[in-house]
Amino acid sequence: MTDPTGASAPGLQIGGWFKEKLYRDVRQTYRVTDVLFHERSEHQDVVIFETPVYGRVLALDDIVQVTEKDEFVYHEMLTHVPILAHGKARDILIIGGGDGGILRECLRHKSVKRVTMVEIDRYVVDMCLKHMPSIPQKAFDDKRTNLVITDGAKFVAETKDRYDVIIVDSTDPVGPGEVLFTEEFYRNCKRSLKPGGILTNQNGVPFMQADEITMTYRRRKKSFKDSGFYVAAIPSYYGGFMALGWASDNTKARAVPLATIKKRFHAAKLKTKYYTPEIHAGCFGLPAFVQQHIR
């Protein structure tokens, strides 16, 4: 169960433990070797701390968002799967993603001409640039980057631009991220996509957040012909592999032949740590316990 308290992490100290508060009945903890930043922004409690195992960690409202050690899994899979499945993505929209990892991976595709990143909290961007620069690297300096500081739900409701791929790198559906899991938001994403466009989003850990799987599947299905999930193993997200949401009106996009994905991957000259064409082809295969929640 998700913990509804929303309490911050007072007194985080070097040598102590950071206790993640995503779930009511189970806790994941990290030994803290340094506290680099801890302050409440206009929107949320922001903390960046150092750990022996995962390196530097960003947590928002006491929920781990990204770690230096395993960020590549999440960022590669949320980015390269839709872009390579699409095959001709030129205009990308990122909702959230303040740490810059999704932006970094999008820009590795030389065929991408423009990436608009909409982040609600400038604090997150600035503090990640300062304290976790290995994640964004030089992505925010790229001429193809258009950083917009505003509410992502408001942006997709109002924008007149259209995109080939929309990637939603959000927090869980509590606090500022809650509006990014609504029927209205998905409907506006559909309107903001070009024909054949693809939407992907962070969708929680199925073993721990089964209700979220069912909820988002039903909501996305109302706007898109093809709504589903694919999975990735990300160690710092407690409870097993993470589900990444998928939606498109191109019903063939998630079944692109492996040979085609390989061709596109090699043409892009990507060097990855987790993503491979074979992983791409297999990640849409879901365990039975996940499938039973897609109804």
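Anyway, here's the lowdown on the structure attached to this text. (Residues numbered from 1 in each chain as written. Predicted model: local features only at pLDDT ≥ 70, side-chain atom pairs only at ≥ 80, totals over all residues. Heavy atoms only, no water.)

## Points about the overall build of the protein
Looking only at helices and strands, the protein has nine helices and 13 strands in total. Against the globule reference of 19 Å for 295 residues, the protein gives a C-alpha radius of gyration of 18 Å, in line with a compact fold. Principal-axis analysis of the C-alpha atoms gives the protein an extent of 50 × 45 × 35 Å. With 295 residues in all, the protein has 54% of them scored as buried. In the protein, once contacts between residues fewer than 6 apart in sequence are set aside, the share between residues at least 24 apart is 65%. Carbon together with sulfur atoms contributes 52% to the accessible area of the protein, which is approximately 12900 Å² in total. Mean positive and mean negative side-chain charge positions of the protein (42 and 36 charges, respectively) differ by 9 Å. (Helix = DSSP H or I, 4+ residues; strand = E, 2+ residues; numbered from the N terminus. Rg over C-alpha atoms; globule rule 2.2 N^0.38 Å. Buried < 20%, exposed > 50% of the residue type's maximum accessible area, 1.4 Å probe, protein only. Contact = heavy atoms within 4.5 Å. Areas by Shrake-Rupley, 256 points an atom, 1.4 Å probe, with all protein chains shown as cover. Lys, Arg positive; Asp, Glu negative; His and termini not counted. Charge placed at Lys NZ, Arg CZ, Asp CG, Glu CD.)

## Description of the environment of Val81
Examined against the element boundaries, Val81 turns out to sit in helix α1 (residues 71-86). Taking the C-alpha atoms as reference points, Val81 and Cys283, separated by 202 residues in sequence, lie 9.3 Å from one another. Discounting chain neighbours no more than four positions away, the residues touching Val81 are Glu76, Tyr230, Trp246, Tyr275, His280, Cys283 and Phe284.

## Remarks on the environment of Arg218
Within the element layout of this structure, Arg218 appears in helix α6 (residues 210-221). Linking Arg218 and Ile294, residues 76 residues apart in sequence, is a C-alpha distance of 7.9 Å.

## Details of the pattern of salt bridges
Evaluation of the coordinates by the stated rule reveals 17 salt bridges. One salt bridge connects Glu105 with Arg108, and the closest N-O pair in it is separated by 2.8 Å. By relative accessible area, which is 2% here, Glu105 ends up buried. Relative accessible area serves as the criterion here: at 25%, Arg108 is assigned to the partly exposed category. The salt bridge partner of Lys190 is Asp249, with a shortest N-O separation of 3.0 Å. With Lys190 in helix α5 (residues 183-192) and Asp249 in the loop between β13 (242-248) and α7 (258-268), the pair connects residues that are 59 residues apart, well separated along the chain. Given the relative accessible area of 26%, Asp249 is considered partly exposed. Linked through salt bridges whose partners overlap, the residues forming this network are Asp91, Arg114, Asp161, Asp164 and Lys194. (Salt bridge = Lys/Arg side-chain N within 4 Å of Asp/Glu carboxyl O.)

## Considerations on the nonpolar core
Membership of the largest hydrophobic core comes to 44 residues, with the highest contact counts inside it found for Ile92 and Tyr230. If you list the elements that add at least two residues to this core, you get α1, β7 (91-96), α2 (101-107), β8 (114-119), β10 (163-169), β12 (226-232), β13 and α7. Tallying contributions element by element places α1 first for this core, with nine residues. Sequence-distant contacts of Ile92, that is, excluding residues within four places in its chain, are made with Ile83, Cys106, Val112, Arg114, Val115, Thr116, Tyr163, Val165 and Ile167. Counting 18 residues, the second largest nonpolar core, distinct from the first, contains Ala153, Phe155, Phe224 and Ala247. (Core = buried A, V, L, I, M, F, W, Y, C linked by side-chain atoms within 4.5 Å.)

## Some points on the side chain of Asp99
Within the secondary structure, Asp99 is located in the loop between β7 and α2. The buried charged residue Asp99 lacks any salt bridge partner; its closest oppositely charged side chain belongs to Arg104, at an N-O distance of 6.7 Å. Engagement of the side chain of Asp99 in a polar contact is seen with the backbone nitrogen of Gly101, the distance being 2.8 Å. For Asp99, the contacting residues outside a window of four places in its chain are Val66, His75, Val124, Cys128, Ile135, Pro136 and Asp169. (Polar contact = N/O pair within 3.5 Å; in protein donor to acceptor, adjacent residues only side chain to side chain.)

## So, the packing of aromatic side chains
Enumeration over the complete set of coordinates arrives at 14 aromatic pairs. Pairing Phe37 with Tyr123 gives two aromatic rings, centres 6.0 Å apart and planes at 75 degrees, and the pair type is edge-to-face. Residue Phe37 is located in strand β3 (residues 34-40), and its partner Tyr123 is located in helix α3 (residues 122-131); the two are separated by 86 residues in the primary sequence. Given the relative accessible area of 12%, Phe37 is considered buried. By relative accessible area, which is 31% here, Tyr123 ends up partly exposed. Above the ring of Tyr186, the side-chain terminus of Arg220 is found at 5.8 Å from the ring centroid. (Phe/Tyr/Trp six-rings, centres within 6.5 Å; stacked < 30°, edge-to-face > 60°. Lys NZ or Arg CZ within 6 Å of the ring centre and 35° of its normal.)

## Some details on the sheet that holds strand β9 (residues 145-149)
Pairing within the open sheet is mixed, and its seven strands lie in the order β9-β8-β7-β10-β11-β13-β12. Each having just a single partner strand, β9 and β12 make up the two edges of the open sheet. The sheet shows a mean angle of 15 degrees between the axes of neighbouring strands, taken without regard to direction. Inspection of the sheet shows β7 paired to β8 by five bridges, in the parallel sense. Looking at β8, one finds that Ile92 is bridged to Val115. Along the sheet face, α5 touches β7, β10 and β11 (193-202) and points at about 140 degrees away from the line of β11. (Pairing = 2+ DSSP bridges. Axes fitted to C-alpha atoms, helices over the stretch in contact; angles between N-to-C directions.)

## Brief notes about α5
An α-helical turn contains 3.6 residues, so a residue and the one three or four places further along point in the same direction. Among the residues of α5, Phe185, Tyr186, Asn188, Cys189 and Ser192 are the ones counted as buried. In a view along the axis of α5, the buried residues occupy a sector of 160 degrees, so they form one face of it. As for α5, its buried residues are in contact with β7, α4 (152-158), β10, β11 and α6. (Arc of directions from axis to C-beta.)

The quantities given are spatial measurements derived from coordinates; they are silent on function.
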